[in-house]
Amino acid sequence: MRPTISVILPVYNERETLRELKVRLTPILEECAGGSFEVLFVDDGSRDGSDLIVDDFHASDPRFKAIHFSRNFGHQAALQAGLDVAAGDAVALMDADLQDPPELIEEFIRRWRQGCDVVYAVRKKRKEALWKRAAYAIFYRTMKAISEIDVPLDAGDFCLMDRRVVDTLVSLRERNRFLRGLRSWVGFKQAGVEYERDARHAGEPKYTMRKLLGLALSGYIGFSAMPLRMATWLGLMAALAGFLVALWAVYTKLAGIYSPRGWASTMAVIMFIGGVQLLMLGIIGEYLSRVYDEVRRRPLYIVRSSAGVEICANSVGAGEDFAEGNHPARYWRRATGGEPLARN
Ligand code: UDP
Ligand code: MG
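Residues numbered from 1 in each chain as written. Chains lettered and ligands numbered in written order. Predicted model: local features only at pLDDT ≥ 70, side-chain atom pairs only at ≥ 80, totals over all residues. Heavy atoms only, no water.

J.: I would appreciate a short explanation of the packing of helix 1 (residues 18–32) against helix 2 (residues 50–60) in the present structure.
T.: What describes two packed helices is the angle between their axes and the distance between those same axes. Look at helix 1 against helix 2: their axes get within 10 Å of each other, and the N-to-C directions meet at 35°. Contacts from Leu18, Arg19 and Lys22 of helix 1 reach helix 2 at Ser50, Ile53, Val54, Phe57 and Ser60. Class assignment for the residues of the contact of helix 1 with helix 2 results in 4 nonpolar, 2 polar and 2 charged. (Axes fitted to C-alpha atoms, helices over the stretch in contact; angles between N-to-C directions. Helix = DSSP H or I, 4+ residues; strand = E, 2+ residues; numbered from the N terminus. Contact = heavy atoms within 4.5 Å. Nonpolar A, V, L, I, M, F, W, Y, C, P; charged D, E, K, R; others polar.)

Written as structure tokens, this is what we have:
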């Protein structure tokens, strides 16, 4: 039988929080889903023993399942792996560090039962370093300004999605994933629920500055061509400025006005144009590297082993053309919980 609710938890070296997480999450799911749930831990190449802990969870209660990656593929890839195998009628995504309070899932489920397809959490307050809060605030606001989709402000990945939405997300196989953007992009009936984001239960943040920047770039680039268009505008502005300077030079010459002919101004112009050109090349490079990523069609993640979810050898879907109807779900066989899927 299909579970009602699947909860996906990406785990990267979260040894200290996993047990507490299970203790807080289980009673909520027992109550809201009538015990019909599955919890999918996606171990993103942890090296601190988190993998053994989640395998233990599975041994004592088969509703807890685990997927182990062959190395660290990142938070977004881990979420996707969970979506690929989740069997529930509704699927929740949340962090494993207890920054997303499990209690909010009750409210999510209530709204979902009332007919919302996507219920996402909106951070009213976050208990984090000032620079991080500022960076997030700037990111969400610039993202909203330049992107083609209507991204809700201050909404992270913490959400609950209906099966139809999950199936749609699973069919999108782009490599530079910005799930909260894709989630808005697919549409359906969406609603936000406000909450206060807690501090981490234990341990250090696993998102490094570099990973966060990469995620922000995937957001900008995946949902906006505006940075590319900037080249046109900057180019036009520079050309106009150059034209005005030329007019001024002709005028001073004709009118016999003395004007200094130092090289400083020339250098300034050269450096300005040079800078703009390099900046634009850099931006084109960012888009190009992502295009290159997409055409190589490497899998989003590689699974080393799993507990409670049976995965076929080519389950990662490397090189499969999903556009031609090769839905990745066909490459997964669910050992427990779901009906086995036919390969063709
Ligand atoms: N995480 C992951 N892979 C990574 C980095 C993070 O699976 O490469 C997981 C991590 O274990 C946590 C969640 O993603 O469950 C959010 O990470 P973190 O708390 O470091 O991010 P922050 O809350 O600072 O945005
Ligand atoms: Mg966190």
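J.: Help me out: how do you make sense of the coordination of the magnesium ion (ligand 2) in this one?
T.: On the protein side, the magnesium ion (ligand 2) has Asp97 (OD) and Gln99 (OE1) as donor atoms, found 1.9 Å from it. Classification of Asp97 as buried rests on a relative accessible area of 4%. (Donors = N, O, S within 2.8 Å, 3.2 Å for Na, K, Ca; no water. Buried < 20%, exposed > 50% of the residue type's maximum accessible area, 1.4 Å probe, protein only.)

J.: Can you walk me through the pattern of salt bridges in this structure?
T.: Should the charged atoms of two oppositely charged side chains come close, the side chains can pair. Overall, the coordinates contain 20 salt bridges when judged by the stated rule. Asp51 is the partner of Arg304 in a salt bridge, and the nearest nitrogen-oxygen pair spans 3.7 Å. Separated by 253 residues along the polypeptide, Arg304 in strand 8 (residues 303–307) and Asp51 in helix 2 bring together distant segments of the chain. In this structure Arg304 comes out as partly exposed when scored by relative accessible area, which is 48%. For Asp51, a relative accessible area of 16% puts it in the buried group. Each of the salt bridges in this network shares a partner with another, and the network as a whole consists of Glu14, Asp97, Arg200 and Lys206. (Salt bridge = Lys/Arg side-chain N within 4 Å of Asp/Glu carboxyl O.)

J.: How should the confidence of the model for the protein be read in this particular structure?
T.: Chain-level pLDDT for the protein is 82 on average; 89% of the residues reach the 70-or-more range. Below a pLDDT of 50 lies the segment residues 312–344, which in the model reaches 58 contacts outside its immediate sequence neighbourhood of four places, other chains included. (pLDDT = per-residue confidence, 0-100.)

J.: I keep staring at the site of ligand 1 and nothing clicks. Help me out?
T.: Around ligand 1, the structure places 21 residues, and the nearest of them are Glu14, Asp44, Asp97, Gln99 and Lys206. A distance of 2.9 Å is found between an oxygen atom of ligand 1 and a backbone nitrogen or oxygen belonging to Ala96. The fraction of the free accessible surface of ligand 1 (520 Å²) that becomes covered by protein chains is 97%. For the shell around ligand 1, the elements supplying multiple residues, two or more each, are strand 1 (5–11) and helix 5 (130–146). (Near = heavy atom within 4 Å. Polar contact = N/O pair within 3.5 Å; in protein donor to acceptor, adjacent residues only side chain to side chain. Areas by Shrake-Rupley, 256 points an atom, 1.4 Å probe, with all protein chains shown as cover.)

J.: Looking at this structure, how should I read the nonpolar core?
T.: In a soluble, globular protein the nonpolar side chains are often hidden away together inside. Ile8, Phe69, Leu83, Met161, Leu169 and Tyr301 are the most contacted members of the largest nonpolar core, which totals 44 residues. Looking at this core element by element, the count peaks at 6 residues for helix 3 (residues 75–85). Formed by 38 residues, the second largest nonpolar core is a distinct cluster that contains Ile5, Ile28, Leu98 and Trp112. (Core = buried A, V, L, I, M, F, W, Y, C linked by side-chain atoms within 4.5 Å.)

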